[in-house]
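Working through the structure, step by step
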Amino acid sequence: MASIPTLLLGNNDDAPYHTLRAVQELIIDNLGASFQVTAAEGTTHLVDVLQPYPLVVSYLDIWNKVPAAEETAGLLQYVAGGGGLLVIHNGISIQGSPELSQLIGARFTGHPAYTTLPFTKTESNHPLTNGLEPFQMDEEPYRFELDPFAPIELLLTYTHEGKEWPAAWTRTYGLGRVVYLMPGHHPLSFQTEAYGRWIRSAGLWAAGVPLT
């Protein structure tokens, strides 16, 4: 299989919490040799440069910024036209645009203190999960408000405070595919081998590569 051109987006000096440089090479390693990754900073790339890439990965950390209308439209058109979007951890910060929040299928609402979390597969038969295993890691327990108008397929949950919480899901949007993966707070998150396999499988599915 030819390498899949992939655009990895994040922030560095203007990132309030999570810099791309801290995890960039780890994300690339987790995606693996099937992906040819170009890393870039900021949201301006959303306007008109996405089309050559079957996959865009958002590790954007823009909690203090709302994507411009042109950026929002660019990403919506890209996914609706058949593009793949993989959103990791803080990449959901593009939710400052309500349209992009709905594209992902949920809104981040906050998180309790960083702690050890067990992650469990759901009963979904989604091809993305074939051969993947549950895992445990120290992570920020992100909480979400799911969008009732954006149906998702839940793939992974974590247990915290006696409850099960969403941790990974997929959804389709027009001709495109979206995956959200909650873990990704810091480099150690990407050094858990089992989670690395989730990232690779999510990237392949979002890019439209058949999974068996």
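Residues numbered from 1 in each chain as written. Predicted model: local features only at pLDDT ≥ 70, side-chain atom pairs only at ≥ 80, totals over all residues. Heavy atoms only, no water.

Observations regarding the overall build of the protein
- Each helix and strand in the protein was counted, giving four helices and eleven strands.
- Here the C-alpha atoms of the protein give a radius of gyration of 15 Å, agreeing with the 17 Å that 2.2 N^0.38 yields for 212 residues.
- Dimensions of the protein along its principal axes, counting C-alpha atoms only, are 45 × 40 × 35 Å.
- Across the 212 residues of the protein, 54% fall into the buried class.
- For the protein, restricting intrachain contacts to residue pairs at least 6 apart in sequence, the fraction spanning at least 24 positions comes to 73%.
- As presented, the protein carries roughly 9100 Å² of accessible surface, and 51% of it is formed by carbon and sulfur atoms.
- Positive and negative charge centroids in the protein, built from 10 and 21 side chains respectively, lie 5 Å apart. (Helix = DSSP H or I, 4+ residues; strand = E, 2+ residues; numbered from the N terminus. Rg over C-alpha atoms; globule rule 2.2 N^0.38 Å. Buried < 20%, exposed > 50% of the residue type's maximum accessible area, 1.4 Å probe, protein only. Contact = heavy atoms within 4.5 Å. Areas by Shrake-Rupley, 256 points an atom, 1.4 Å probe, with all protein chains shown as cover. Lys, Arg positive; Asp, Glu negative; His and termini not counted. Charge placed at Lys NZ, Arg CZ, Asp CG, Glu CD.)

Describing the pattern of salt bridges
- In this structure the tally under the stated criterion is three salt bridges.
- Between D13 and R21 there is a salt bridge, and its shortest N-O distance comes to 3.1 Å. For the pair D13 and R21, one class covers both residues: exposed.
- Ionic pairing is found between R143 and E161, a salt bridge with its closest N-O pair at 3.1 Å. On the criterion of sequence distance, the pair formed by R143 in strand β8 (residues 143–146) and E161 in the loop between β9 (153–160) and β10 (163–173) is long-range, its members being 18 residues apart.
- R143 sits in the buried class, given a relative accessible area of 11%. (Salt bridge = Lys/Arg side-chain N within 4 Å of Asp/Glu carboxyl O.)

Some remarks on the side chain of D61
- Tracing the sequence through the fold places D61 in the loop between β3 (55–58) and α2 (69–80).
- Of the side chains bearing the opposite charge, R21 lies closest to the buried D61, which forms no salt bridge; the N-O distance is 11 Å.
- Within the structure, the side chain of D61 is placed 3.2 Å from the side chain of W63, a separation counted as a polar contact.
- The residues touching D61, leaving out its near neighbours within four places in the chain, are N11, D14, A15, P16, Y17, H18, N90 and S93. (Polar contact = N/O pair within 3.5 Å; in protein donor to acceptor, adjacent residues only side chain to side chain.)

Re the nonpolar core
- If you look at the biggest cluster of nonpolar residues, it comprises 65 residues, and the most contacted ones within it are L75 and L86.
- The dominant element in this core, judged by the number of residues it contributes, is helix α4 (residues 193–206), at eight residues.
- Each residue touching L86, except ones within four places of it in the same chain, is listed here: L31, L55, V56, V57, S58, V179, L181, I199, A202 and G203. (Core = buried A, V, L, I, M, F, W, Y, C linked by side-chain atoms within 4.5 Å.)

A closer look at α4
- With 14 residues, α4 ought to run about 20 Å at 1.5 Å a step, and its terminal C-alpha atoms sit 20 Å apart, in line with that.
- Most of α4 sits out of view: eleven of its 14 residues are buried.
- For α4, the full list of buried residues reads A194, Y195, G196, W198, I199, S201, A202, G203, L204, W205 and A206.
- Once α4 ends, the next one or two residues include G208, with phi positive near 85°. (Expected span 1.5 Å × (residues − 1).)

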